[in-house]
Amino acid sequence: MTRSTAIIAGFLFVALIAAIPAALFLHEPYLISLFGRLAILAVAGVGLNLVLGHSGLPAFGHAAFVGVGAYSVGITTLEGIPFLANGWAQFGLAIVLGALSATIIGALSLRTRGVAFLMITLAFGQMLFYGAVSLERYGGDDGTTLPTSSTLAGLSLERGSIALYALSLLVLLLATYAAWRVMRSPFGAVLRGAAVNERRMQAVGIQVFRFRLAAFALSGAICGLAGALLANHAAYVSPANLSWMRSVELAIVVLLGGAGTTFGPLFGAAAFVLLEEVLSGLTEHWRLIFGPLLLLVVLVAPGGIAGLLSGKRDG
Amino acid sequence: MGLLVEQVVNGLQFGVLLFLLSAGLTLVFGIMGLVNLAHGSLYMLGAYFAVWFAGMTNSFVLGLLLALAATAAVGVVTELVALRTLYRRNSLEQVLGTFGLVLLFDEAAKVVWGPAGLSLAPPEWLSGQVSVLGVPYPAYRLAVLAAGMLVAAGLYWLVSRTRAGMLLRAAASNRSMAEALGVNTRVLFSLVFALGAGLSALAGILAAPLLTVHVGMGEEVLLLAFVVVVIGGVGSIRGALFGAVGIGLLDTLGRAYLPGLLRGVFSTPVADAVGPALSSMLIYVTMAAVLLVRPEGLFPIQRRAEAGRVVSAP
């Protein structure tokens, strides 16, 4: 992280916070909805970045963990189980189940390397996707709308509410800080070292597998949390949350922003959501512009936005 | 018994289509080390072009040939303009870049042909039924199976018996050595890509009368093709053939019989809810199991010196 990226990230955070008074006084509720999506996408990006960016592992099934978090909220809301239908329990459950599913999937996937790893994470993601499709009780293929939102510390996290938006920003801030701390710790040094040269790490006497599994679980927990926010944000859960195209989208957020950088996920989510917003305002066929733009980013700015800002190839 | 025969032939026919799709993918993946998500787009374009040209010329065969040429041309231009620069990037950047192409092709198809699905009638002389082991079966599907097997045989001959195939295998097993011995890998790559694009387009064209041609059909089948490539072993044509036929049969028979089997074990509502999902999951479970036991796939090609370079992580 260089100074310029930190300053720009700071500006972005301030702009995200400024949306709250703007929405209150200028009556622009749409801004909250748009930025809320941005923040939640960025949280999921922070989670994925731990694996995809910092650890250099091409994971392609992270939408599944977001989906696990979303369904945790959705199912507890719909079933109305007394002690589980409050916000703390729901968010806690989303985090725990996100971490748990990531631990199981990670324990199996991390036995492989490279493209095999990419494909096996994708395979597990697909399994969870079809698992969600089979939940006939919760709408099967189509998913289901959520009649009520989570309630956290007396605040109702309704769709489009300031409370939900503020919570999403807080989670983003905390997740970004936590990821930064983790990557500065000896634990993070092992992850980065193994990304550069796994064999050398093993030779030093470090069991890389355990560290990677812990990173995978942490990343699943953060994605699960993002999913819990998403379920409230959309007031809707569906298997589409878990589809492999969503996993690709998440990876795009991380790569676009700058893989393995602190603020990359924030930059990536901002670029992704805002570009989509601006381009789709210009033309119905905005993907004709967005698609080649993605290709262009890979060709001219492989370090993503953070890489461009800091002027180094690897950000 | 009649149903079983029909399902097995269905599975074989699906497998053959998958093979056409994965053969190109595995070559591009194995030889150039390119994870090409846009491979499915060529399948889609092939199908759209087939509907278009068949409508214009009023002939299925002419439509097929023109669609093949048009899609191959699109593929070659894409390779020259965009993909060539991606070969030396890591797999994640390739995914990002080629996903951009997927968005472009999908949206372009929507602009040109509209959002509604299109259909294509099989040629008249193949619209009837024929008898397979006493079971009536659509002639067109059988023709697809035959055509696929013919192409598979041709491809096998090309790769294992011709000079071009020898160079191709050499480049797949050790690219630097092949280059050092004077093989122009850049030209070879372009040819391989054109071949792969053509095969993918052919799969799309042959599939067009069997389904509704729509935007997004490429992504649906692309994932299956990747499963085939990974199970068979990246870069291996033989692996793609066995993988494709295996997956085709597994998927078709799983969908046909798994819900029934479950009904014998669980109560009907449970079986009806879980059955379809479980049969969709079946191929992914298979892939995960294969990768855990043999990360290189079932028929890995032999690599020398720079072993693992092509399949290694970024």
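Look up: the structure comes first, before these words.
Description of the structure in this document. (Residues numbered from 1 in each chain as written. Chains lettered and ligands numbered in written order. Predicted model: local features only at pLDDT ≥ 70, side-chain atom pairs only at ≥ 80, totals over all residues. Heavy atoms only, no water.)

1. What about the overall build of chain A?
- Across its full length, chain A holds 13 helices and 4 strands.
- Its C-alpha atoms give chain A a radius of gyration of 19 Å, within 12% of the compact-globule value 20 Å for 315 residues.
- Viewed in the frame of its principal axes, chain A has a C-alpha envelope of about 55 × 40 × 40 Å.
- Taking all 315 residues of chain A together, 55% fall into the buried category. (Helix = DSSP H or I, 4+ residues; strand = E, 2+ residues; numbered from the N terminus. Rg over C-alpha atoms; globule rule 2.2 N^0.38 Å. Buried < 20%, exposed > 50% of the residue type's maximum accessible area, 1.4 Å probe, protein only.)

2. Notes on a nonpolar patch on the surface
Residues and elements named next belong to chain B.
- A cluster of nonpolar residues, Val 265, Phe 266, Val 270, Val 274 and Leu 278, forms a patch on the protein surface that exposes about 410 Å² of accessible area.
- When residues of the nonpolar patch are assigned to their parent elements, the largest contribution, 3 residues, is made by helix 11 (residues 268-293).
- Relative to the assigned elements, Leu 278 resides in helix 11. (Patch = residues over 30% accessible without salt bridge, like charges linked within 9 Å, V, L, I, M, F, W, Y side chains within 5 Å. Areas by Shrake-Rupley, 256 points an atom, 1.4 Å probe, with all protein chains shown as cover. Salt bridge = Lys/Arg side-chain N within 4 Å of Asp/Glu carboxyl O.)

3. Observations regarding the pairing of strand 1 (residues 129-132) of chain B
- Bridging between strand 1 of chain B and strand 2 (residues 135-138) of chain B involves 4 bridges; their strand directions are antiparallel. Paired with Val 130 of chain B across the bridge in strand 2 of chain B is Tyr 137 of chain B. (Pairing = 2+ DSSP bridges.)

4. Comments concerning the interface of chain B and chain A
- Across the contact, 41 residues belong to chain B and 39 residues belong to chain A.
- Together chain B and chain A conceal approximately 3800 Å² of surface at their shared face, both sides included; 82% is due to carbon and sulfur atoms.
- On the chain B side of the interface with chain A, the three residues burying the most area are Leu 92, Leu 96 and Glu 107 of chain B, jointly 17% of the side's total.
- Taken together, chain B and chain A are joined by 1 salt bridge.
- The tally of links between chain B and chain A comes to 4 residue pairs in polar contact (both at pLDDT 80 or more).
- Sorting elements by how many residues they give to the side of chain B that touches chain A places helix 4 (residues 91-113) of chain B first, with 15 residues.
- Considering only residue class, the side of chain B that touches chain A consists of 30 nonpolar, 6 polar and 5 charged. (Contact = heavy atoms within 4.5 Å. Buried area = accessible area lost by both parts, 1.4 Å probe. Polar contact = N/O pair within 3.5 Å; in protein donor to acceptor, adjacent residues only side chain to side chain. Nonpolar A, V, L, I, M, F, W, Y, C, P; charged D, E, K, R; others polar.)

5. Brief notes about the environment of Trp 88 of chain A
All names here are of chain A.
- For Trp 88, the position within the fold is in helix 4 (residues 87-109).
- Distance in space between the C-alpha atoms of Trp 88 and Gly 260 is 31 Å, their sequence separation being 172 residues.
- Setting aside anything within four residues of it in sequence, one finds Trp 88 in contact with Thr 151, Leu 152 and Ala 153.

6. Some remarks on the environment of Leu 242 of chain A
Residues and elements named next belong to chain A.
- Within the secondary structure, Leu 242 sits in the loop between strand 4 (236-237) and helix 10 (244-257).
- Residue Leu 242 is classed as buried on the basis of its relative accessible area of 4%.
- Measuring from C-alpha to C-alpha, the distance between Leu 242 and Gly 188 comes to 28 Å, with 54 residues separating the pair along the chain.
- Excluding residues that lie within four positions of it along the chain, Leu 242 makes contacts with Ala 63, Ala 64, Gly 67, Tyr 71, Gly 125, Leu 128, Phe 129 and Ala 132.

7. Structural notes on the pattern of salt bridges
Residues and elements named next belong to chain A.
- Using the criterion set out here, one finds 8 salt bridges over all chains in the structure.
- The salt bridge partner of Arg 37 is Glu 276, with a shortest N-O separation of 3.5 Å. Residue Arg 37 is located in helix 2 (residues 29-54), and its partner Glu 276 is located in helix 11 (residues 264-282); the two are separated by 239 residues in the primary sequence.
- The shortest N-O distance in the salt bridge between Glu 249 and Arg 246 comes to 3.9 Å. Residue Glu 249 and its partner Arg 246 are both found in helix 10; the two are separated by 3 residues, about one turn of the helix.
- Glu 249 gets classed as partly exposed once you look at its relative accessible area, which sits at 23%.
- Residue classification places Arg 246 among the partly exposed residues on the basis of a relative accessible area of 32%.
- Salt bridges here are not isolated pairs; linked through shared partners, they connect Arg 113, Glu 198 and Arg 212.

8. Here we look at helix 1 (residues 2-32) of chain B
All names here are of chain B.
- Here helix 1 is 31 residues long and its end C-alpha atoms lie 44 Å apart, about the 45 Å a rise of 1.5 Å per residue gives.
- Within helix 1, the axis deviates most sharply at Ser 22, by approximately 25°.
- One or two steps after helix 1, the chain reaches Gly 33, where phi turns positive at roughly 65°. (Expected span 1.5 Å × (residues − 1). Bend = angle between axes of the 7 residues up to and from the residue.)

9. Points about the pairing of strand 2 of chain B
- Taking every second residue as pointing to the same face, the buried face of strand 2 of chain B carries Val 135 and Tyr 137 of chain B, while none of Pro 136 and Pro 138 of chain B on the other face is buried.
- Counted between consecutive antiparallel strands, the loop separating strand 1 of chain B from strand 2 of chain B contains 2 residues, among which Leu 133 of chain B sits at a positive phi close to 50°.

10. Here we look at helix 4 of chain A
All names here are of chain A.
- An ideal rise of 1.5 Å per residue puts 33 Å on 23 residues; helix 4 measures up with 32 Å between its terminal C-alpha atoms.
- Buried within helix 4 we find Gly 87, Gln 90, Phe 91, Ala 94, Gly 98, Ala 99, Ser 101, Ala 102, Ile 105, Gly 106 and Ser 109.
- Looking at where helix 4 begins, the residue whose side-chain oxygen comes 3.0 Å from the main-chain nitrogen of Trp 88 is Asn 86.

11. Structural notes on unusual backbone geometry
- The phi dihedral of Ala 235 of chain A falls on the positive side, at around 50°, and the residue is not glycine.
- For Ala 235 of chain A, the position within the fold is in the loop between helix 9 (208-234) and strand 4.
- At Asn 58 of chain B, a position not held by glycine, the phi torsion is positive, near 60°.
- With respect to the helices and strands, the residue Asn 58 of chain B is situated in the loop between helix 2 (39-57) and helix 3 (60-81).

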